[in-house]
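# Commentary on secondary and tertiary structure
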Amino acid sequence: MELYHKGLYEFEKNMSGYAAIFIIAQSCLGSVAALYILVNGVAPLQMFQLFLITIACMGFNASVLSQQKPKVVFNLFIISVVLSTLVLILNLF
């Protein structure tokens, strides 16, 4: 929990700079996850995974653009990265 609070504090100090970096990072990770989902086919399970990744990435991007509170933006970034990473790992093998 201490790592989370340190990260949130640092993010709050320079939200505009970190938000730009976070958008690039999670968009790249989300697009790689989407690529590997689609490489495995277009069955309903893959389409559901693609839907989850798209919603997570778009939710984070929307929270940055609508200037939500820093804690909301930071939490959505974490959710997006964790979800993209999990789906990517599931589709690599």
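Conventions we followed
Residues numbered from 1 in each chain as written. Predicted model: local features only at pLDDT ≥ 70, side-chain atom pairs only at ≥ 80, totals over all residues. Heavy atoms only, no water. Helix = DSSP H or I, 4+ residues; strand = E, 2+ residues; numbered from the N terminus. Axes fitted to C-alpha atoms, helices over the stretch in contact; angles between N-to-C directions. Parallel < 35°, antiparallel > 145°, perpendicular 65-115°, else oblique. Contact = heavy atoms within 4.5 Å. Nonpolar A, V, L, I, M, F, W, Y, C, P; charged D, E, K, R; others polar. Buried < 20%, exposed > 50% of the residue type's maximum accessible area, 1.4 Å probe, protein only. Core = buried A, V, L, I, M, F, W, Y, C linked by side-chain atoms within 4.5 Å. Expected span 1.5 Å × (residues − 1). Phe/Tyr/Trp six-rings, centres within 6.5 Å; stacked < 30°, edge-to-face > 60°.

## Remarks on the environment of phenylalanine 93
Along the chain, phenylalanine 93 turns up in the segment after helix 4 (70-92). Separated by 14 residues in sequence, phenylalanine 93 and isoleucine 79 have C-alpha atoms that sit 22 Å apart.

## With respect to the packing of helix 2 (residues 15-39) against helix 3 (residues 44-65)
Contact geometry for helix 2 and helix 3: axes closest at 10 Å, N-to-C directions at 170 degrees. With respect to their mutual orientation, helix 2 and helix 3 come out roughly antiparallel. Two secondary-structure elements touch here, helix 2 through Ala19, Phe22, Ile23, Gln26, Ser27, Gly30, Ala33, Ala34, Ile37 and Leu38 and helix 3 through Gln46, Met47, Gln49, Leu50, Ile53, Cys57, Phe60, Asn61 and Val64. Within the contact of helix 2 with helix 3, the residues separate by chemical class into 13 nonpolar, six polar and no charged.

## Let's talk about unusual backbone geometry
For glutamine 67, which is not glycine, the phi torsion reads 55 degrees and is therefore positive. Judged by its relative accessible area of 69%, glutamine 67 falls in the exposed class.

## Re the side chain of serine 80
With respect to the helices, strands and loops of the structure, serine 80 is situated in helix 4. Classification of serine 80 by relative accessible area gives buried; the value is 1%. Discounting residues that sit within four places of it in the chain, serine 80 has contacts with Gln26, Ala56 and Cys57.

## Observations regarding the nonpolar core
Of all hydrophobic cores here, the largest spans ten residues; its members are Tyr4, Leu8, Phe11, Ala19, Phe22, Phe60, Val64, Val73, Phe74 and Phe77. Counting only elements with at least two residues in this core, the list comes to helix 1 (2-13), helix 2, helix 3 and helix 4. Residues in contact with valine 73, not counting those within four places in the same chain, are Phe11, Met15, Phe60, Ser63, Val64 and Gln68. Of all hydrophobic cores here, the second largest spans eight residues; its members include Ala33, Ile37, Leu50 and Leu88.

## What to know about helix 2
Helix length check: helix 2, at 25 residues, gives a terminal C-alpha distance of 35 Å against a target of 36 Å (1.5 Å per residue), a fit within 8%. Check the buried side of helix 2 and you find it contacts helix 1, helix 3 and helix 4. Glycine 41 occupies a position one or two residues after helix 2 and carries a positive phi of about 125 degrees.

## Digging into the packing of aromatic side chains
One pass over the full model with this rule turns up seven aromatic pairs. Ring plane angle 5 degrees and centroid distance 4.0 Å describe the contact between phenylalanine 22 and phenylalanine 77, whose orientation is recorded as stacked. Linking phenylalanine 22 in helix 2 with phenylalanine 77 in helix 4, this pair joins segments that are 55 residues apart in sequence. You'll find phenylalanine 22 and phenylalanine 77 in the same group, each marked buried.

## A word on the side chain of glutamine 46
With respect to the helices and strands, glutamine 46 occurs in helix 3. Owing to a relative accessible area of 12%, glutamine 46 belongs among the buried residues under this scheme.

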